[in-house]
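# Summary of structural features
Listed here are the chains, written in short residue letters.
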Amino acid sequence: MSKPTIFRKPQGPIVVRGEINLTDPEGNSIGHGPRFSLCGCGLSKNMPFCDGAHKEK
Ligand code: FES
């Protein structure tokens, strides 16, 4: 298995690829696929994931 990769797009989303354990602040796992985007703009209504709301800025 290759190492996970994480990068931020200029518009805000933080793209994550690979096997990681995404958790909430209490340490509870949050399900996700092999590639997903975290919200980096603060506008998503589906935190911690990007829902495309950054495009409306
Ligand atoms: S980065 Fe996409 S909704 Fe925040």
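Residues numbered from 1 in each chain as written. Predicted model: local features only at pLDDT ≥ 70, side-chain atom pairs only at ≥ 80, totals over all residues. Heavy atoms only, no water.

## Points about the packing of aromatic side chains
Here the structure, examined in full by the defined rule, presents one aromatic pair. On the basis of an interplanar angle of 80° and a centroid distance of 5.8 Å, the ring pair of F36 and F49 is categorised as edge-to-face. Here F49 lies in the segment after β3 (35–38) and F36 lies in strand β3, a separation of 13 residues in the sequence. A relative accessible area of 8% places F36 in the buried class. Since its relative accessible area comes to 16%, F49 is described here as buried. (Phe/Tyr/Trp six-rings, centres within 6.5 Å; stacked < 30°, edge-to-face > 60°. Helix = DSSP H or I, 4+ residues; strand = E, 2+ residues; numbered from the N terminus. Buried < 20%, exposed > 50% of the residue type's maximum accessible area, 1.4 Å probe, protein only.)

## Things to note about the pairing of β3
Along β3, the buried face is formed by F36 and L38; none of R35 and S37, which line the opposite face, is buried. Of the pairings in the sheet, the one linking strand β2 (residues 14–17) to β3 comprises four bridges and is antiparallel in character. Residue pairing for β3: V15 is matched across the bridge by S37. (Pairing = 2+ DSSP bridges.)

## Observations concerning the pairing of β2
Here four bridges tie strand β1 (residues 5–8) to β2, and the two strands are oriented antiparallel to one another. Bridge assignment links F7 to a residue of β2, and that residue is V15.

## Description of the sheet that holds β3
One open sheet accounts for three strands, arranged β1-β2-β3; its pairing is antiparallel. Edge positions in the sheet fall to β1 and β3, since each has one partner strand and no second. Going from strand to strand, the sheet's axes swing by 20° on average, the running direction of each strand aside. (Axes fitted to C-alpha atoms, helices over the stretch in contact; angles between N-to-C directions.)

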